[in-house]
Amino acid sequence: MRHIAFFRASFFRASFFRAGFLQAGFLQAALTALACCRFNAKRFTLARVTVVALSIALTQCAQPPVSSPVKESNQRSTDPSNQAPAAQPSNLSSQHTAGRQQAGQDSISQPKRQLDSPHAKQLQRLSLEWLRKSPLQTEHLSLYLFDLAQQQLILEHRSDQPMQPASVMKLMTTSAALDLLGSTYRGAVSLRISPSDASALAKRAPTAALYTLQQPLVIYGEGHNQLQRRDVQAIDETLKRLGIAAPSTVVLDRRWMPLAPVKPFDENPWSWYNVAPDALLLEQNTQWYHLSANSPQMSLRIAGIDEPIQVDSKKVRWNEQPCRQNALQQLHFQWRGTPQRPLVEIRGDFPRQCYLSGYAQLLPRDWGWQAAWQRVWPTARLLPQLPKGAATVEIARLEDEPLAVRIRSINKDSDNVQARTLFAALSTAPAPSQQTNQSSASTDSSPDLSTDLNASAKRLNDWLHAKGIDTRQLVFENGAGLSRSERLTASALGDMLRWQWQQPTRFEFVSSLPIAGVDGTLKTRFAGQAAEQCARLKTGTLRDTTALAGYLLPQNGQGPYVLVAILNDEQALSQGIKSFNSWVNQLCQAQ
């Protein structure tokens, strides 16, 4: 308890001791959480999480509370005459509030129409001056800035225009998942056997020899995104603990997310960001490779494939180009044989003398699994599928991290394949009438339950509509932003961020965002600048697109603020990033 006393004493000496902060319920909950941790070694992680959550809240507690949600029924105008001129930013909330869809019980609240805060007026003047001096084409720019404490819309510019969002789309996916699936939702791998094997196993004496399965072991995937080769060893140990010998046949069951042809997003099909989602994604289907070419011979080594790979390079077209990393993308790989006797035919254009190494998705999906289990089940054979209608019984589960942890890698590191898998999982979320408890939304999936991307898109659209957010111009494809067809408006994304700030999962969501100058995709961006540790922003980058979206938490006691900035222009990478950085820095240092 001396730690609690130290915390309490330090707390009241800190600068956070200001009018409006001492809300007994919050303080009591914080001290109770810390007391329960007792600061011992086994529970230190929980204590650290509690302190991190408090650190986010402490900078905000001096502000007036966010107003409670109210119902709204107006529609956002689609008449072009009601839109701001392309080069003239609209900066008051009258246009913004003109287009609400009918709100539900937990919808966003209506912002104030007039700016009555001197600091908000200062930020508006600063933002308009930045926009006036910006080298960016303003007709290709969309902006949204909102004061959460004062419930005031400070600035918007073309915020109702559909924009290509890039990776800020992940904010929509992760926020919806927290609400629809629950923060404790986990992907999993389910181990299943036939009912007859389950019955025989139940009759086995504890001291008897390990039971040999008469039917295949089924490894059923439910969207576990962190599977590693060592997890195959864990599966083997689990089987032995249950009294089961090494299986002779294995089925990799992907019915939860049926495989479908997925075209690469761009001209780099083997790159890690082009990995397609998979119900049984082992090591994200990427491998460390070494490719060496000395015309006319090529050699290839891939981590995890122990046997030498026989390479047929007769159809490679040799050239005199310099050896660059993207040369790998010009090749096509046709695999034959097995992981024990691998053969690959390579076609395409390649420099005559070149050596490359790195991570890429080169192997067939199942080969990683087969190579991984070869060390523990050397005689096991892969079967393509179970007979139609065959029943199975779950005997064990290997679970992923909870969603509250998993979204950190999605948002901080902009992990595309995890975001796409989570987007697919939205289609399995229970309908609102079936949701009785958010925290219990994660239940064991039936083998007959499968994801559907079209259903996920509709689920996300309906979810936003229920919050009173205009969805008429939104387009969802994979939920990761790795798409040329997905569309968001800055106002829809900003309104969602406003809504998320009011939710019990606010801390989980905010802590998943990159911290400027500290971690994630902002680790080096803003380092040593005014926005360092002030900005919690998700980045988005594609060719001709740059975006920032999230929250600003200034250290001067103002805010917090919701910020959305999206640029769709050929200047996006050359001028857009630099210009956005300037705006964010100015907002964070404004007094």
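Everything discussed here concerns the structure shown above.
Reading the values: rules and limits
- Residues numbered from 1 in each chain as written.
- Predicted model: local features only at pLDDT ≥ 70, side-chain atom pairs only at ≥ 80, totals over all residues.
- Heavy atoms only, no water.
- Disulfide = S-S within 2.5 Å.
- Helix = DSSP H or I, 4+ residues; strand = E, 2+ residues; numbered from the N terminus.
- Buried < 20%, exposed > 50% of the residue type's maximum accessible area, 1.4 Å probe, protein only.
- Pairing = 2+ DSSP bridges.
- Axes fitted to C-alpha atoms, helices over the stretch in contact; angles between N-to-C directions.
- Parallel < 35°, antiparallel > 145°, perpendicular 65-115°, else oblique.
- Left-handed = near helix turned anticlockwise from the far one by under 90°.
- Contact = heavy atoms within 4.5 Å.
- Nonpolar A, V, L, I, M, F, W, Y, C, P; charged D, E, K, R; others polar.
- Core = buried A, V, L, I, M, F, W, Y, C linked by side-chain atoms within 4.5 Å.

Caption draft 1: Spotlight on the state of the cysteines. The tally for this structure, following the rule as stated, stands at two disulfides. Note on cysteine connectivity: Cys-323 is disulfide-linked to Cys-354, with sulfurs 1.8 Å apart. Between Cys-323 and Cys-354, the disulfide has an S-S torsion of 60° and is therefore right-handed. Of this pair, Cys-323 sits in the loop between β10 (310-319) and β11 (331-338) while Cys-354 is found in strand β13 (residues 353-360), placing the two residues 31 residues apart along the sequence. Among the residues examined, Cys-323 registers a relative accessible area of 35% and is labelled partly exposed.

Caption draft 2: Inspection of the sheet that holds strand β16 (residues 535-542) at higher detail. If you trace the five strands from one edge of the open sheet to the other, you get β2-β1-β18-β17-β16, paired in antiparallel fashion. Looking at the sheet topology across the chains shown, the edges are occupied by β2 (152-157) and β16. Along the sheet, successive strands turn relative to each other by an average axial angle of 5°, direction set aside. Sheet analysis places strand β1 (residues 141-147) next to strand β18 (residues 561-568), joined by seven bridges and oriented antiparallel.

Caption draft 3: Representation of the packing of helix α8 (residues 229-241) against helix α9 (residues 365-373) in the model. Where α8 meets α9, the axes come as close as 9 Å, and the angle between the chain directions of the two elements is 55°. Put simply, α8 runs oblique to α9. Handedness of the crossing formed by α8 with α9: right-handed. Contact residues: α8 offers Arg-229, Val-232 and Ile-235, while α9 offers Gly-368, Trp-369, Ala-371, Ala-372 and Trp-373. Tallied by class, the residues present in the contact of α8 with α9 amount to six nonpolar, one polar and one charged.

Caption draft 4: How the structure looks around unusual backbone geometry. With an omega of 5°, the peptide bond running from Ser-295 to Pro-296 counts as cis. With respect to the element layout, Pro-296 can be found in the loop between β8 (287-294) and β9 (297-302). In this structure, the amide linkage connecting Gly-559 to the following residue, Pro-560, adopts the cis form with an omega of 5°. As for its placement among the helices and strands, Pro-560 is situated in the loop between β17 (545-552) and β18. The phi dihedral of Asn-285 is positive, around 55°, even though this residue is not glycine. Structurally, the position occupied by Asn-285 is in the loop between β7 (280-282) and β8. You will see that Gln-533, though not glycine, has its phi angle at about 65°, which is positive. Mapped onto the elements of the fold, Gln-533 is located in the loop between α14 (506-511) and β16. For Gln-533, a relative accessible area of 44% translates into the label partly exposed.

Caption draft 5: Geometry of the sheet that holds β8. Within the open sheet, the three strands sit side by side as β9-β8-β13. Their pairing is antiparallel. Only two strands of the sheet have a single partner each, and these edge strands are β9 and β13. Taking each pair of neighbouring strands and ignoring which way they run, the sheet shows an average axis angle of 10°. With eight bridges connecting them, β8 and β13 associate as antiparallel partners. Each bridged residue has a counterpart across the sheet, and for Gln-287 the counterpart in β13 is Ala-360.

Caption draft 6: View of the nonpolar core. By size, the foremost hydrophobic cluster in this structure holds 58 residues, and its most contacted members are Leu-493, Leu-497 and Tyr-551. Excluding residues within four positions of it along the chain, Leu-497 makes contact with Leu-171, Phe-509, Ala-549, Gly-550, Tyr-551, Val-562, Leu-563 and Val-564. In this structure, Leu-115, Phe-580, Val-584 and Ala-590 belong to the second largest nonpolar core, which totals 32 residues.

In short, the description is geometric, and any link to function would need to be established separately.
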